Amino acid sequence: MPNDIDVNILNLVQHVELTKVGWWDDVVQRLILATIWMDGKSDSMTVGLLIESIFSHFELHLGGKLDTAINLMVSTGDLIKLSDGSFKLSESSAKLLNSEIRDAEEIISKAKTVFVDTLAFDGLTSEEKDQIWIGFNDIFIRPFIKTIGANIYDLLNGKSANIDQSLLGAYLTNYPIEQRECLNNSARLFLNSKDLDVRSYILRFLNAYFCIEASGLDKSTLESLQISLVKPQDIILFVDTNFLFSILELHENPSNTAAIAYSGENGHRIRLMAAS
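Report on the accompanying structure. (Residues numbered from 1 in each chain as written. Predicted model: local features only at pLDDT ≥ 70, side-chain atom pairs only at ≥ 80, totals over all residues. Heavy atoms only, no water.)

**A few points about the packing of aromatic side chains**
Alright, step 1. Throughout the structure, instances matching the rule amount to 13 aromatic pairs.
Alright, step 2. Centre to centre, the rings of Phe-136 and Phe-190 are 5.3 Å apart; their planes meet at 85 degrees, and the pair counts as edge-to-face. Here Phe-136 is found in helix α6 (residues 126-148), whereas its partner Phe-190 is found in helix α9 (residues 177-191), with 54 residues between them in sequence. This pair shows no difference in class: Phe-136 is buried, exactly as Phe-190 is.
Alright, step 3. An aromatic cluster is present here, built from Phe-115, Trp-133, Phe-136, Phe-140, Phe-144, Tyr-171, Tyr-175, Phe-190 and Tyr-201 joined pairwise through their rings. (Phe/Tyr/Trp six-rings, centres within 6.5 Å; stacked < 30°, edge-to-face > 60°. Helix = DSSP H or I, 4+ residues; strand = E, 2+ residues; numbered from the N terminus. Buried < 20%, exposed > 50% of the residue type's maximum accessible area, 1.4 Å probe, protein only.)

Below, the structure written as structure tokens:
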């Protein structure tokens, strides 16, 4: 999968929950919507052109899965099939996608401000700051998130996570030697930031890459994953008396609602066992 996927496509694709049954269909549909939004906009796209565009953006061959997804999207009103056999976004889909892009752009803008504020050397023009931000994303942050994967959660939670020095070095070599220490510090400050918009920005990239990578899984793997999502899981939890008091509503506690919801949903069974 290429590292230079358009940021707007990443922001559109990331709206998929990979832990829910049917996530595969949702991923394919988001890929279709994002591709038509970017490449088609107000125009329509044929299936052939859509196949080419999806491969161009994601290096994915969806094959017959594309036809199935398109037919479903036409039936739900997300896509409109024109008389020449091409497809375009419905007005409701286009409106929703534009809204999602606006939300994403706001988060990007806030994350960029946090990064730019870490640049400790003076004399940079607005254009130079923009170029440094673009380089930081294209050369370092995207490949880094793709490489580190779910370990990014440890980094965001303040735990130790190795920063790929080769990626960071490749980023820094694009700038004068006298700026590299500052840019190195900026990168680390950004990744360790507690700012909610920065965290959201990073996690959006991570989820988008997960979605795109999952789209390339073979049929047998997808079927296994689907089965695992609907199969009941046995989990042993050790809880204290506060949890028991909450589900039995024997005391007033802010956690009562969450405890009751957990014990009453999804067929959870609770057994009390003698201490051993």
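**A few points about a nonpolar patch on the surface**
Alright, step 1. A contiguous nonpolar patch, built from Phe-245, Leu-248 and Leu-250 and spanning about 310 Å² of accessible area, is present on the exposed surface.
Alright, step 2. As for its position among the elements, Leu-250 is in the loop between α12 (241-247) and α13 (256-264).
Alright, step 3. On the basis of relative accessibility, which here comes to 59%, the residue Leu-250 falls in the exposed class. (Patch = residues over 30% accessible without salt bridge, like charges linked within 9 Å, V, L, I, M, F, W, Y side chains within 5 Å. Areas by Shrake-Rupley, 256 points an atom, 1.4 Å probe, with all protein chains shown as cover. Salt bridge = Lys/Arg side-chain N within 4 Å of Asp/Glu carboxyl O.)

**A closer look at the side chain of Ser-93**
Alright, step 1. Within the secondary structure, Ser-93 is located in helix α5 (residues 91-117).
Alright, step 2. Note on Ser-93: relative accessible area 6%, which makes it buried.
Alright, step 3. Each residue touching Ser-93, except ones within four places of it in the same chain, is listed here: Leu-33, Gly-77 and Asp-78. (Contact = heavy atoms within 4.5 Å.)

**Some points on the pattern of salt bridges**
Where charged atoms of side chains with opposite charge meet at close range, the side chains can pair.
Alright, step 1. Taken as a whole and assessed by the stated rule, the structure comprises 3 salt bridges.
Alright, step 2. Between Arg-30 and Glu-100 there is a salt bridge whose closest N-O contact spans 2.5 Å. Of the two residues, Arg-30 sits in helix α2 (residues 23-39) while Glu-100 sits in helix α5, which places them 70 residues apart along the sequence.
Alright, step 3. When its relative accessible area of 11% is taken as the criterion, Glu-100 is described as buried.

**Side note on the packing of α5 against α6**
Packed helices, taken two at a time, are described by the angle between their axes plus the distance between the axes.
Alright, step 1. The interhelical angle for the contact between α5 and α6, taken along N-to-C directions, is 105 degrees, at an axis separation of 11 Å. Comparing the axis directions of α5 and α6 gives the class roughly perpendicular. Judged by residue contacts, Ile-108, Ala-111, Lys-112, Phe-115 and Val-116 of α5 engage Lys-129, Asp-130, Ile-132, Trp-133 and Phe-136 from α6.
Alright, step 2. Along the lines of polarity and charge, the residues of the contact of α5 with α6 split into 7 nonpolar, no polar and 3 charged. (Axes fitted to C-alpha atoms, helices over the stretch in contact; angles between N-to-C directions. Parallel < 35°, antiparallel > 145°, perpendicular 65-115°, else oblique. Nonpolar A, V, L, I, M, F, W, Y, C, P; charged D, E, K, R; others polar.)

**A word on empty space enclosed by the protein**
Alright, step 1. For the coordinates displayed, the defined rule picks out 1 cavity of 30 Å³ or more.
Alright, step 2. Put simply, the largest cavity is a space of about 40 Å³.
Alright, step 3. Lining of the largest cavity is provided by Ile-51, Ile-54, Leu-60, His-61, Leu-62, Gly-63 and Leu-66.
Alright, step 4. Of the residues contributing to the lining of the largest cavity, the split by class is 5 nonpolar, 2 polar and no charged. (1 Å grid on protein atoms, 1.4 Å probe; cavity = no way out; pocket = protein on both sides within 12 Å on 5 of 7 lines; lining within 4 Å. Points joined across faces, edges and corners; volume = space filled by probe spheres on them.)

**With respect to the packing of α6 against α9**
Alright, step 1. Orientation of α6 relative to α9, taken along the N-to-C sense of each, is 60 degrees, at an axis distance of 12 Å. The angle between the axes of α6 and α9 places the two elements in the oblique class. The element α6 and its partner α9 pack so that their crossing is right-handed. Counting all contacts with α6, which are made through Ile-132, Trp-133, Phe-136, Phe-140, Ile-141 and Phe-144, the residues of α9 involved are Leu-183, Ala-187, Phe-190 and Leu-191. (Left-handed = near helix turned anticlockwise from the far one by under 90°.)

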